[in-house]
Amino acid sequence: MFTKILIANRGEIACRVIDTARRMGIATVAVYSDADADARHRDLADEAVHIGPASAADSYLRGDRIIAAALETGAQAIHPGYGFLSENPGFVQAVQDAGLVFIGPSAASIRAMGLKDAAKALMEAAGVPVVPGYHGENQDAAFLAEQAARIGYPVLIKARAGGGGKGMRRVADPADFAAALEGAQREGQSSFGDPAVLIEKYITTPRHIEVQVFGDSHGTIVHLYERDCSLQRRHQKVIEEAPAPDMPPEVRTAMTQAAVQAARAVDYRNAGTVEFIADGSGPLRADGFWFMEMNTRLQVEHPVTEAITGLDLVEWQLRVAAGEPLPLTQDRIGLTGHAFEARIYAEDPARDFLPAPGPLVHVAFPEGARIDTGVRGGDRISPHYDPMIAKLTTHAATRQQALSALHRALGQTHIAGTATNLGFLQALCRDPDFAAGRMDTGLIGRKQKALTHVPDPDDAAFLFAALAALDLDPAAPQAGFRLWGPASLQVDLAHGKERIARDLHLLGPGHVAVGDSAFTAVALGADGTARARRNGRNLTARVARRGDAVSVLLDGRITDFARIDPLAVERAGGAGDGRIAAPMTGLVRAVPAMAGARVAPGDILVVIEAMKMEHSLRAAGAGTVQAIHCAVGDTVADGALLVELEPADA
């Protein structure tokens, strides 16, 4: 077994690998960029080596620097985590050429599965069912359009070197094919250095089911059952579970055997995942699933497999890479209970899930759930990397119990300082179709408006925020005392773009009224706990304050406020009609707008790339382009003015 390994990654996966290595008595070396100088994974490791600036291209994608760090520190092996260089066969070969061990599959296996078109051809030859489509080398736009017509709409354009939903476009109308193709090629080039795509038939009610496989250097390949990853947005997974709901035994047997067959076709070693698309229009069938791709690495959602099998997949990775046989044979790998994993992101569901890089003023996770995270309170979510904050995993005897535990744990998670998807994740847990196991990859898209609805702030949340912002303790003996009657004051708080002004009436110790709501036994604890009673119901909240910003966690919902100084001069907010501003820091990828051109509602004006994804900024109404203040290749800041429009009715 190794005595020291280097982890060529960051964030939660780096911390995850460190945890297992420490338990096994293996020393760890972290690498970090300028942006991660104070990161959690750097602090957890036994040693840490700086490898470059914030940009991933200049740090976490610099294989030469990572290998040099491993040699310098005496590490014997490199664990790639996921993303970055984890599926780069050139890096694998360079690691081996340096006399180090790569904790993952061989370069040959990665090459065989790395390009989706070649992988599908290989799987067809191995007898694994594949989705109908075009997987050839001809990348002429007109030819690809002909292939799409032959396959039949809707089709899916996929970057052949892609993954994680990047470089992927669903096209239902032939008129949209050219623009979708250009977008997929741009993302393929920027994310993977390869603009080539393949075209596939789009299954109208698809379920995404994948099988965890493991191989060793002694010729043994096993599966660790399946995961259902059908809850997705923009082809990116949101909540995963294991096992798949309503999975008939005969379909599980057929799918797991196909996965093992796929792995055996490329002489696979270490951890891998074979992904299938299944027809979700009815019950799962043994002839109703098809190979999509193989991820030749550890998956983000591996904790749900660990939960139902009781195994440590990172330990297995280390043992297999060290030359040991797999710890268990297939007949000894059991499946117990049900597990869910929710991905908590710094993003704003109310703004179409725009990434929300920024400070994490307060971070508190509940007891009783598994938390995989690379951040702490006081850290920042960087615009340079994926905006994941944490993964929350629950496990119970039944699916219903595990889902209830997930909903409860999400409602007890308090994150302040930036927008998160916690409310959206809770709404998904309450969705009747998901709760019943009736889902496909289009569920979120169909219900996005309802799932992302943000209700108005509750009076109790406003009360707790106001008291914290004003440093008022209503439980104090003199609270509200006035010779001429109860004290009253108007409190102005900002909530998003709204300004909320309400009267606060201090009626005596612990008695407060806000608008038409009366509260008793109101108290604020020094530990951030807030309590009150309303209409006979006891309320308990968590309050986090930093400066004028206050975050309240009440009844599973986080509401963020900011105090407005009533003496400050009010300034006009917002950019005004016709002013298109950058919603985040990003790179301008395309500017379809032209000065003097007339535009219609919904026309794309600018395309920005941020957090590895493209975001199209569209015209809200008809008008004429007056001025363009950006160009392709520009890096623009959050709020920067990009395009000015003269509304048609101006």
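Cut-offs applied
Residues numbered from 1 in each chain as written. Predicted model: local features only at pLDDT ≥ 70, side-chain atom pairs only at ≥ 80, totals over all residues. Heavy atoms only, no water. UniProt positions renumbered as here; feature names shortened; annotations may be inferred. Core = buried A, V, L, I, M, F, W, Y, C linked by side-chain atoms within 4.5 Å. Buried < 20%, exposed > 50% of the residue type's maximum accessible area, 1.4 Å probe, protein only. Helix = DSSP H or I, 4+ residues; strand = E, 2+ residues; numbered from the N terminus. Contact = heavy atoms within 4.5 Å. Pairing = 2+ DSSP bridges. Phe/Tyr/Trp six-rings, centres within 6.5 Å; stacked < 30°, edge-to-face > 60°. Disulfide = S-S within 2.5 Å.

Looking at an unreviewed UniProt entry, one finds the protein chain named Acetyl/propionyl/methylcrotonyl-CoA carboxylase subunit alpha and attributed to Paracoccus yeei. What UniProt states about the protein chain under its Cofactor (unreviewed entry) heading is, verbatim, "biotin".

Caption draft 1: Here's a closer look at the nonpolar core. Ile-5, Phe-214, Leu-224, Trp-316 and Ile-333 are the most contacted members of the largest nonpolar core, which has 40 residues in total. Of all elements in the fold, only β1 (4-7), α1 (11-23), β11 (221-233), α10 (302-309), α11 (313-321) and β15 (338-345) reach the threshold of two or more residues within this core. When neighbours within four sequence positions are excluded, Leu-224 is seen to be in contact with Gln-212, Phe-214, Thr-305, Thr-309, Leu-311, Leu-313, Trp-316 and Ile-333. With 34 residues, the next largest nonpolar core counts Val-375, Ile-381, Leu-392 and Leu-406 among its residues.

Caption draft 2: Structural context of the sheet that holds strand β39 (residues 641-647). Pairing within the open sheet is antiparallel, and its four strands lie in the order β32-β39-β37-β34. On the outer flanks of this sheet lie β32 (579-581) and β34 (598-599), each paired with one strand and no other. Judged from the two bridges that link them, β34 and strand β37 (residues 623-628) form a sheet pairing that is antiparallel. Along β37, the bridge assignment pairs Arg-598 with Thr-624.

Caption draft 3: Inspection of the packing of aromatic side chains at higher detail. Taken as a whole and assessed by the stated rule, the structure comprises 10 aromatic pairs. Here Tyr-60 and Phe-84 contribute two aromatic rings whose centre-to-centre distance is 5.1 Å and whose plane-to-plane angle is 20 degrees, an arrangement assigned as stacked. With Tyr-60 in the loop between β3 (47-52) and α3 (63-73) and Phe-84 in the loop between β4 (77-79) and α4 (89-97), this residue pair connects regions lying 24 residues apart in the sequence. We classify Tyr-60 as buried; its relative accessible area is 0%. Each ring, one from Phe-214 and one from Trp-316, has its centre 5.3 Å from the other, and the planes form 70 degrees; the classification is edge-to-face.

Caption draft 4: Looking closely at the environment of Tyr-202. As for its placement among the helices and strands, Tyr-202 is situated in the loop between β9 (197-201) and β10 (206-215). Residue Tyr-202 is classed as buried on the basis of its relative accessible area, which comes to 12%. For the pair formed by Tyr-202 and Val-131, sequence separation is 71 residues and the distance between their alpha carbons is 8.6 Å. The residues touching Tyr-202, leaving out its near neighbours within four places in the chain, are Pro-154, Val-155, Leu-156, Arg-170 and Thr-441.

Caption draft 5: Quick look at the state of the cysteines. Applying the stated criterion across every chain yields a total of zero disulfides. Cys-429 provides the cysteine sulfur closest to Cys-229, a residue in no disulfide bond, and the two sulfurs are 15 Å apart.

Caption draft 6: Structural context of α10. Burial runs high along α10: seven of the eight residues are buried. Of all the positions in α10, only His-302, Pro-303, Val-304, Thr-305, Glu-306, Ile-308 and Thr-309 are classed as buried. Just downstream of α10, Gly-310 is the residue with a positive phi angle, here 75 degrees.

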